[in-house]
Amino acid sequence: MDKTYLIKQLKELSDRFHLGIPEAAIEKAISFSRFKVYSKGEMIGRSGDNAETAGIVLSGVIRSYYVDKDGSDITQYFAPEGSWCIDSGMVGFDEMQANWEALEDTTVMLFDVKDMKNLILGDEWLKNIWIMSLEGGMRYKIYRENGFLVETATERYIAFRKRNPELAERVPLRYIATYLGITPESLSRIRSAMRE
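Residues numbered from 1 in each chain as written. Predicted model: local features only at pLDDT ≥ 70, side-chain atom pairs only at ≥ 80, totals over all residues. Heavy atoms only, no water.

Side note on the overall build of the protein chain
Then, in step 1: In terms of regular secondary structure, the protein chain is built from 8 helices and 8 strands.
Then, in step 2: Its C-alpha atoms give the protein chain a radius of gyration of 18 Å, near enough to 16 Å, the size a compact globule of 196 residues would have.
Then, in step 3: Along the first, second and third principal axes, the C-alpha atoms of the protein chain reach 50 × 35 × 30 Å.
Then, in step 4: Sequence separation of at least 24 residues holds for 72% of the intrachain contacts in the protein chain that already meet a minimum separation of 6.
Then, in step 5: About 11000 Å² of surface is accessible on the protein chain, with carbon and sulfur atoms providing 52% of the total. (Helix = DSSP H or I, 4+ residues; strand = E, 2+ residues; numbered from the N terminus. Rg over C-alpha atoms; globule rule 2.2 N^0.38 Å. Contact = heavy atoms within 4.5 Å. Areas by Shrake-Rupley, 256 points an atom, 1.4 Å probe, with all protein chains shown as cover.)

Printed below as a string of structure tokens:
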């Protein structure tokens, strides 16, 4: 991929999320990264895989999910443009904690976790952005946990649509249902009731 195009794309993501990542840091990250396009339905990582590589979604949507004892998959997270993916190693795990699947044709910037952490920890600005990212992850976990503890399935669906309006249109309903902890049939009933 063309380096100028990649710098432009990463700069646009930085601006979109108000991160202000310096172009020099973007260039450095590109220098130790590789870029791969995954086809819709392609697996990007599996639970138990080595977690020495992580990524950032440049285009498309990826789903993180677990498989329960009955063989059913349960969506943990959706990663659209600008999101971390296959990132277990970035938070200290040696192995992937979930499965990762492209829900659309998806371009990912892949990098060695050690290289990215060295870049982040060697720069105060990037360190602050990393802290903001970790705080965002904690907020996400708290919202998600609170939803399961105190909200009905309908309230969880409304909150999902409010926080992720673009994903509600791009992600198949069966995956949104598993994310919400309900069956696709229940989600269909909720959606029908909301239209009435």
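From this point, the discussion proceeds with the structure in view.
Some thoughts on the packing of helix H5 (residues 153-163) against helix H8 (residues 184-195)
Then, in step 1: One can describe the packing of H5 onto H8 by two numbers: an axis separation of 10 Å at closest approach and a directional angle of 75°. Considering their axes alone, H5 and H8 lie roughly perpendicular with respect to each other. On H8, the residues that touch Ala 153, Thr 154, Tyr 157, Ile 158 and Arg 161 of H5 are Leu 187, Ile 190, Arg 191 and Met 194. (Axes fitted to C-alpha atoms, helices over the stretch in contact; angles between N-to-C directions. Parallel < 35°, antiparallel > 145°, perpendicular 65-115°, else oblique.)

Considerations on the packing of aromatic side chains
Then, in step 1: Tallying each qualifying case throughout the model produces 7 aromatic pairs.
Then, in step 2: Note on Tyr 77 and Tyr 140: the rings are 5.4 Å apart at their centroids and 80° apart in plane angle, and the pair reads as edge-to-face. Taken together, the residues span a long stretch of sequence, with Tyr 77 in strand E5 (residues 73-79) and Tyr 140 in helix H4 (residues 124-150) at a distance of 63 residues.
Then, in step 3: Residues Trp 84 and Trp 130 carry aromatic rings whose centres are separated by 5.3 Å and whose planes lie at 80° to one another, so their mutual orientation is edge-to-face. Note that Trp 84 is positioned in strand E6 (residues 84-85) and Trp 130 in helix H4, a separation of 46 residues in sequence.
Then, in step 4: With relative accessibility at 13%, the residue Trp 130 sits in the buried group.
Then, in step 5: Clustering of aromatic rings is evident, with ring pairs tying together Tyr 77, Trp 100 and Tyr 140.
Then, in step 6: Stacked on the ring of Tyr 175, the Lys or Arg Arg 174 has its end atom at 4.5 Å from the ring centre. (Phe/Tyr/Trp six-rings, centres within 6.5 Å; stacked < 30°, edge-to-face > 60°. Buried < 20%, exposed > 50% of the residue type's maximum accessible area, 1.4 Å probe, protein only. Lys NZ or Arg CZ within 6 Å of the ring centre and 35° of its normal.)

A look at the environment of Glu 81
Then, in step 1: Looking at the element boundaries, Glu 81 is found in the loop between E5 and E6.
Then, in step 2: Take Glu 81: its relative accessible area is 15%, and that puts it in the buried class.
Then, in step 3: The spacing of Glu 81 and Leu 58 is 23 residues in sequence and 5.1 Å in space, taken between C-alpha atoms.
Then, in step 4: Within the local environment of Glu 81, its side chain forms a polar contact with the backbone nitrogen of Gly 60, the two atoms lying 3.0 Å apart.
Then, in step 5: Reaching out from Glu 81, the side chain makes a polar contact with the side chain of Arg 170 at a distance of 3.1 Å. (Polar contact = N/O pair within 3.5 Å; in protein donor to acceptor, adjacent residues only side chain to side chain.)

Quick word on the sheet that holds strand E7 (residues 99-102)
Within a sheet, each strand pairs with its neighbour through backbone hydrogen bonds, oriented either parallel or antiparallel.
Then, in step 1: Pairing is antiparallel across the open sheet formed by 4 strands, whose spatial order is E2-E7-E4-E5. Only two strands of the sheet have a single partner each, and these edge strands are strand E2 (43-45) and E5. Averaged over all pairs of adjacent strands, the angle between strand axes in this sheet comes to 35°, irrespective of strand direction.
Then, in step 2: Where strand E4 (residues 62-67) meets E5, 6 bridges bridge the pair, whose relative direction is antiparallel. Bridged to Val 67 within E5 is Asp 73. (Pairing = 2+ DSSP bridges.)

A word on the nonpolar core
Then, in step 1: If you look at the biggest cluster of nonpolar residues, it comprises 23 residues, and the most contacted ones within it are Leu 10, Trp 84, Met 90, Met 109, Phe 111 and Met 116.
Then, in step 2: Formed by 16 residues, the second largest nonpolar core is a distinct cluster that contains Val 61, Leu 167, Val 171 and Ala 177. (Core = buried A, V, L, I, M, F, W, Y, C linked by side-chain atoms within 4.5 Å.)

Overview of the sheet that holds strand E3 (residues 53-59)
Then, in step 1: Taking strand neighbours across the sheet as the criterion, the 4 strands line up as E1-E8-E3-E6 in an open arrangement whose pairing is antiparallel. Among the strands making up the open sheet, the edge pair consists of strand E1 (33-38) and E6.
Then, in step 2: Across the sheet, helix H2 (residues 23-31) lies against E1 and strand E8 (106-112), angled at about 75° from E1, the strand it touches most.
Then, in step 3: Packing against the sheet, helix H3 (residues 113-121) makes contact with E3, E6 and E8, and its axis sits at approximately 80° to E8.

Section: the packing of H5 against helix H7 (residues 173-180)
Then, in step 1: Direction vectors running N to C along H5 and H7 enclose 120°, while the axes themselves pass 10 Å from each other. One finds that H5 runs oblique with respect to H7. The element H5 and its partner H7 pack so that their crossing is right-handed. Of H7, the residues touching H5 (which contributes Arg 156, Tyr 157 and Phe 160) are Ile 176, Tyr 179 and Leu 180. (Left-handed = near helix turned anticlockwise from the far one by under 90°.)

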